Structure formats: structure tokens, C-alpha cells
Amino acid sequence: MQTKSTDVLIIGAGTAGLYALREVKRAKKDYLVVDTGPLGTTCARVGCMPSKVLLQVAQENQALQQLVQEQVITAKPQAINDQAALKTVRQLRDRFATGAAQGAQRAAGEHLIIGKASFLSPNRVQVMTAEGQQVIEAHSIILATGSSPVVPSFLSAVADRMLTTDAVFELEHLPKRLGVMGLGAIGLELGLALARLGVQVTAADMADQLGGIQDPTIAQAAQKIFSNEMDIWLGHPAEVERTEHGVLLKAGNQAVEVDQLLVALGRKPNLAELALEKAGLPVDEKGVPLFDPHTMQIGDTRIFIAGDLNADRTLMHEACDEGAIAGYNASRTAVTAFERKVPLAIAFTQPDIVSVGASFHSLTAGNYLVGEAKANGRAIIKHDEQSLIRLYADSHSGKLLGASLLGVDTEHLGHFLALAIMQQMTVADLLQAPYYHPVVEEQLQAALQDLLKQLPQLQTGLPFGLTQKS
Ligand SMILES: Cc1cc2nc3c(=O)[nH]c(=O)nc-3n(C[C@H](O)[C@H](O)[C@H](O)COP(=O)(O)OP(=O)(O)OC[C@H]3O[C@@H](n4cnc5c(N)ncnc54)[C@H](O)[C@@H]3O)c2cc1C
Ligand SMILES: NC(=O)c1ccc[n+]([C@@H]2O[C@H](COP(=O)([O-])OP(=O)(O)OC[C@H]3O[C@@H](n4cnc5c(N)ncnc54)[C@H](O)[C@@H]3O)[C@@H](O)[C@H]2O)c1
């Protein structure tokens, strides 16, 4: 059996692992990277990218249908060619995934080992490869093996009619009737995309609000908007039953027969095969190692954990930051604590659902104010009649704390607000920015004015948004 030694071993060559690798190389450390394959990252192969391509194709189809309905286009277009639509999604997906896989191969070069890694002891890992077993001894180890869809065992009865995100982008044809279990970001994005391609979608979530939206006013508005496109059942766990021609999706006292089932019940960290017990790591009740989110270090060990594997901030840009932090610290004796960025989450549902900064549940009653604005002219032009944005500000200082947004193109507003929160800007500061007309950003201006009216201590007596020339 071959034994190799290295400074840093990275397990998992996905987004977090590759960002870690960049820092290890910058520190000029010796390294090895192990991945089971397929390379190409979850984000590009089965995650962020194919889901956004599918949403784009679906929105284009929806826009076309709308023009037909308004008789702007009079010749009825042919029915959607689902095989071609799904092939288009795969073609673009393949471009992203191939690019990512080639990037991983280039970055790791001859230091890449394709195989399954598991611990033998705190600094020794065995790797099962096609050629046999290898043992690697490393001074520091970075764990970045990502996550996989949660599929409860009761679904095995309908396994042949069940899809997860690992399979949905491989479909050759669209089902006529689809059941969606779980209305988090995945269930919502994919349920809406498929509904916009003409699939009859019924989606169930046991939570009382969809998309994990915490702000009750935004949650209610989102439910109203998206219920126009698919049947939404909230508040009861979903169950299934096999039928002669499909699957009976049930929740509470509702039931519907569907042809296929998309399971979007969350993702679980890929911990099981790592044999963490042999590394003697401290873990929580779910078996996830206890780590410091500012250093990515597990306890006081030389083992670091980044990306979806730590089940903390399971988003692509967070995986990049966590990988970079882990790679930086794994390459040095002293560990540096890094500031984490302003929280930002976007579901690309058009109207988008955005949460930025302090979440609604984290606000303290009596210490915050809400500024609200509804759809403006530009939103209405973009067929978004019901958008709603809610900004939260500190009731004493007037600093912006966070926001919950529901509206077309609010992905961009979310970034603007994240920067403002990062800079600790007040409502009055933010109103000093120019707001062009007609743009969706004017909704921010309206919500900020709504806030400033409630903050007499920030008012100068001058017109809102204007300052005296010095
Ligand atoms: C459908 C979908 C849509 C999404 N959309 C978005 C979005 O729009 N925006 C966003 O920010 N996030 C989105 N996400 C989340 C985002 O994709 C993840 O947060 C991110 O990809 C996690 O990266 P990672 O490096 O932790 O994991 P991965 O990229 O999965 O990397 C893990 C790597 O580890 C390897 N591996 C696994 N087990 C082992 C082992 N035992 N030994 C060696 N190697 C192993 C795997 O082969 C893989 O290469 C989406 C996710 C899904 C599923
Ligand atoms: N645009 C984006 O940023 C984006 C898009 C897709 C996915 N993601 C990431 O992928 C991860 C996984 O997404 P997800 O949507 O699968 O997970 P999730 O945890 O966000 O949502 C799962 C949903 O399933 C529901 N659920 C669980 N068990 C149930 C049951 N028995 N019956 C009915 N409902 C049940 C939960 O209430 C929850 O709302 C998320 O953490 C997210 O960060 C992000």
C-alpha cells in the first residue's frame, strides 16, 4: 500500500475545495486533492446553473404565451417541444459543468486523486481509487465534500416515479402532472420553472410559509402570487401512495394524482463516508463537526470544514468564502478569524424572493421600524403588479438592518442593500443616492422615505434625500 505525505490534503474538489486550493497554492504549500468524481461542482452540474437555465427557458416560454394571450402575436405558436427545451438546458449546463471540471483538473493537476476518502486517524486518510488503496498523511486537512438531496425512506415505494435535482435535468420529456415535495428554494424555483413550461404542478410543504420566508407580510404576498401558477399546499407534511398510473400526493385533507414527484426536502451533508469517528472530532447532535465559522477550524484540530458539508450557510458564495478561509488557515500555523459577509439569499422565482441582512426573526420588537413599498411603474411594465419590499431599520440610529424583498429583478436591489448594510448606512444616507426613473430601485426610495417619515431624529427639515451645499 502506497503512503504519501503532504502539507495540506483537500477532500472534495467542488466550489469550497477549489477556493481552498487557491489559498494553499498562494501560500506555496505542498498539497493533494481527493475527489470521488464526477468533477464539475454541484453548482454547475446539478445546482445553481442548470436551475437558472431552466428558469430562463421557462420564463421565455411564459413571455411568449403572454403575448399570444394579449394577441400581440396572432399566429398561435406550436406547442412547446419539451425534448428540445430540456436539451437546450442540458447543452448550456454541460458548457458550465465541463468548464468547471476542466478548471478543477487544471488547478489540481497531478496532485488530484480520483477516489473516496475516509479517515484512519486525525492526520491519516485512506483513499480508495480504481487502482487500489492509498494512505495520505497530512499536516492539515480540509473537508469539503458538499451535500446530497434528502430522500426519506418512505419514498422508496415510489422510487421509479421520483426525481431529485440529481436526475431532474436529465429528463427527456416533461411529465404532464408533477408533485413537488418541499417548497424551499429548490422546490419553488423548479416547480415554477416546470409550471411555466406547461406542467401541472402541485407543491406541498409542511411549513406555514413557502421558500423559508420569515417576514409574514412578504410570505403571504409570495403565496398569493405563486398560487396563480401552481397549486400550493402549506402546513402539513407531504405523504405519498402508489397508484396504478402514478403517485398520490397527499397533505392534510388534500390529495392529487401526479405522474412524477420532485423531492426537494432539503440537503444533507456528505459526512457518512468520511469515518469522522476515527478522527475523534467533536460533533453536534446531527453528527456535523463543531467548527468556528470565522476560521472554519474544527475544535482545536488541524482539520477545517467548508461549504455545504458544515450545513451552515449552504450557498455558493458562502462556499467560496469558507473554502478560502479554510485554505488560508490550513496553510499557516496561526489561525486567523475572518469577518463573514452580510447574509444575502435570493430565490430566482421572478418575482425574486430576496432576504438581506438581519432576518425578520432576529429583529427585536420595539427596536426596529419597517418601511414598505409596492410595485412601481417599472415593475408593472415588467408584469409584476404585486411586488412588495420591506426594509428594516434601527428605530434609534436609523441604520438599515435588513430587508425582505419580493419583486422582479430584486436580485440587484439585494446587492445594493447588502453594501449599504455593510457600510452601516442610515436611511437618510441611502436617500442621498440618485434614483433614476423609471427603475425598480425607485421602490427602495419609496420604502426609505416611508422609514424616514418614522425617524424624526434623522430629519433635517430639508427635502428628503437632499443636503445643503458645503
Ligand atoms: C438545484 C440547486 C440549485 C442551487 N441554486 C443555488 C443558487 O442559485 N445560488 C446559490 O448560492 N446556491 C445554490 N445552490 C447551492 C450551491 O450549489 C451549494 O451551496 C454549493 O454548490 C456547495 O458547494 P460545495 O463546495 O460545498 O460542494 P460541491 O460543489 O458539491 O463539492 C463537493 C465535492 O466533494 C466530492 N466528494 C463527495 N464525497 C467525497 C468523498 N467521500 N471523498 C472525496 N470527495 C468527495 C464531490 O464529488 C464534489 O466534487 C443550489 C443547489 C442546488 C442543489
Ligand atoms: N437560489 C438559491 O440560492 C438556491 C436555489 C436552490 C437551492 N439552494 C440551496 O439548496 C439548499 C437545499 O434547498 P431545498 O429547497 O431542498 O431545502 P430547504 O431546506 O430550503 O427546503 C426544504 C423544504 O422542505 C420542507 N419539508 C421537509 N420535510 C417535509 C415533508 N415531509 N413534507 C413537506 N415538506 C417538507 C421544509 O419545510 C422546507 O421548506 C438550500 O439550503 C439552499 O440554500 C439555493
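Residues numbered from 1 in each chain as written. Chains lettered and ligands numbered in written order. Predicted model: local features only at pLDDT ≥ 70, side-chain atom pairs only at ≥ 80, totals over all residues. Heavy atoms only, no water.

Taking an unreviewed UniProt entry as the reference, the chain is identified by name as Dihydrolipoamide dehydrogenase belonging to Thiopseudomonas alkaliphila. What UniProt records for the chain under Sequence similarities (unreviewed entry) is the sentence "Belongs to the class-I pyridine nucleotide-disulfide oxidoreductase family." (UniProt positions renumbered as here; feature names shortened; annotations may be inferred.)

A. The site of ligand 2, seen in detail. Taken together, 20 residues surround ligand 2, and among them Glu189, Asp205, Ala238, Thr314 and Ile346 come closest. Between ligand 2 and Glu189 there is a distance of 2.9 Å, counted from a nitrogen atom to a side-chain nitrogen or oxygen. In the complex, 74% of the free accessible area of ligand 2, which totals 860 Å², lies under the protein chains. Contributions of two or more residues to the shell around ligand 2 are made by helix 5 (185–196), strand 9 (200–205) and strand 17 (344–347). When residues in the shell around ligand 2 are grouped by element, the largest group, three residues, is from helix 5. Residues belonging to the shell around ligand 2 are distributed by class as follows: 13 nonpolar, four polar and three charged. In this structure, the shell around ligand 2 is formed jointly by two domains, domain 2 (151–266) and domain 3 (344–458), each of which donates at least three residues. (Near = heavy atom within 4 Å. Polar contact = N/O pair within 3.5 Å; in protein donor to acceptor, adjacent residues only side chain to side chain. Areas by Shrake-Rupley, 256 points an atom, 1.4 Å probe, with all protein chains shown as cover. Helix = DSSP H or I, 4+ residues; strand = E, 2+ residues; numbered from the N terminus. Nonpolar A, V, L, I, M, F, W, Y, C, P; charged D, E, K, R; others polar. Domains from an automatic or database assignment.)

B. Geometry of the site of ligand 1. Near ligand 1 there are 34 residues, and of these Ala16, Asp35, Thr42, Lys52 and Asp308 occur at the shortest range. Contact with the protein chains covers 91% of the free accessible surface of ligand 1, which is 1000 Å². Elements supplying a minimum of two residues to the shell around ligand 1: helix 1 (15–26), strand 2 (31–35), helix 2 (42–45), helix 3 (48–69), strand 3 (112–121) and helix 7 (316–330). Classifying every residue of the shell around ligand 1 gives 14 nonpolar, 15 polar and five charged.

C. View of helix 7. Taking 1.5 Å of rise per residue, 15 residues should cover 21 Å, and helix 7 covers 21 Å from first to last C-alpha, within 8% of that figure. For helix 7, a buried count of eleven out of 15 residues is recorded, marking the element as mostly surrounded by other parts of the structure. All of the buried residues in helix 7 are Glu318, Ala319, Cys320, Asp321, Glu322, Gly323, Ile325, Ala326, Gly327, Asn329 and Ala330. (Expected span 1.5 Å × (residues − 1). Buried < 20%, exposed > 50% of the residue type's maximum accessible area, 1.4 Å probe, protein only.)

D. Representation of empty space enclosed by the protein in the model. Evaluation of the coordinates by the stated rule reveals one cavity of 30 Å³ or more. A volume near 50 Å³ is recorded for the largest cavity. As for the largest cavity, its lining consists of Leu54, Leu86, Val89, Val168, Phe169, Leu171 and Leu194. Each residue belonging to the lining of the largest cavity can be placed in one class, and the counts come to seven nonpolar, no polar and no charged. (1 Å grid on protein atoms, 1.4 Å probe; cavity = no way out; pocket = protein on both sides within 12 Å on 5 of 7 lines; lining within 4 Å. Points joined across faces, edges and corners; volume = space filled by probe spheres on them.)

E. Focus on the sheet that holds strand 17. Within the open sheet, the five strands sit side by side as 17-18-21-20-19. Their pairing is antiparallel. Single-partner strands in this sheet number two, and they are strand 17 and strand 19 (368–374). On average, adjacent strands in this sheet sit at an angle of 10° to one another, irrespective of strand direction. Alignment of strand 20 (residues 388–394) against strand 21 (residues 400–407), held across six bridges, turns out to be antiparallel. Opposite Arg390, over in strand 21, you have Ser404 as the bridge partner. (Pairing = 2+ DSSP bridges. Axes fitted to C-alpha atoms, helices over the stretch in contact; angles between N-to-C directions.)

F. The arrangement of the UniProt feature "binding site: FAD" (unreviewed entry) in the chain in detail. In the numbering used here, UniProt assigns the feature "binding site: FAD" (unreviewed entry) to Lys52, Thr145, Gly146, Ser147 and Asp308. Across 257 residues in sequence, these annotated residues place their C-alpha atoms as far as 23.1 Å from one another, rather than forming a single compact spot. Here Gly146 lies in the loop between strand 5 (132–143) and strand 6 (147–149). Excluding anything up to four places from it in sequence, Gly146 contacts Pro269, Asn270, Asp308 and Leu309. (Contact = heavy atoms within 4.5 Å.)

G. Region of interest: the state of the cysteines. Applying the stated criterion to the full structure yields one disulfide. One disulfide bridge connects Cys43 with Cys48, the sulfur atoms lying 2.4 Å from each other. Residues Cys43 and Cys48 are joined by a disulfide whose S-S torsion is about -135°; by sign, that bridge is left-handed. Cys43 gets classed as buried once you look at its relative accessible area, which sits at 11%. Look at Cys48 and you get partly exposed, because its relative accessible area is 26%. (Disulfide = S-S within 2.5 Å.)

H. Just the side chain of Glu23, in detail. Within the secondary structure, Glu23 is located in helix 1. With relative accessibility at 11%, the residue Glu23 sits in the buried group.

I. Main features of the sheet that holds strand 7 (residues 162–163). As summarised here, the arrangement of the five strands in space is 7-14-8-9-10, forming an open sheet in which the pairing is parallel. The two strands at the open ends of the sheet, each matched to only one other strand, are strand 7 and strand 10 (231–234).

J. How the structure looks around the packing of aromatic side chains. Counted by the stated rule, this structure contains five aromatic pairs. Between the aromatic rings of Tyr328 and Phe338, the centroid separation amounts to 5.4 Å while the plane-to-plane angle is 85°, which identifies the pairing as edge-to-face. One end of the pair, Tyr328, is in helix 7; the other, Phe338, is in the loop between helix 7 and strand 17, with ten residues separating them in the sequence. According to the relative accessible area criterion, Phe338 is partly exposed, its value standing at 28%. Three or more aromatic residues joined by ring pairs make a cluster, and in this case those are Phe360, Tyr368 and Tyr392. Cation over ring: Arg332 sits above Tyr328, and NZ or CZ is 3.7 Å from the ring centre. (Phe/Tyr/Trp six-rings, centres within 6.5 Å; stacked < 30°, edge-to-face > 60°. Lys NZ or Arg CZ within 6 Å of the ring centre and 35° of its normal.)

K. Highlighting unusual backbone geometry. Residue Gln350 is joined to Pro351 through a cis peptide bond whose omega torsion reads 0°. His437 connects to Pro438 through a cis peptide bond whose omega is -5°. Looking at the element boundaries, Pro438 is found in the loop between helix 10 (427–431) and helix 11 (442–453). The backbone phi angle of Gln71 is positive, close to 60°, even though this residue is not glycine. Relative to the assigned elements, Gln71 resides in the loop between helix 3 and helix 4 (82–108). Look at Gln71 and you get exposed, because its relative accessible area is 62%. Unlike most non-glycine residues, Gln424 shows phi in positive territory, near 55°. With respect to the helices and strands, the residue Gln424 is situated in the loop between helix 9 (410–422) and helix 10.

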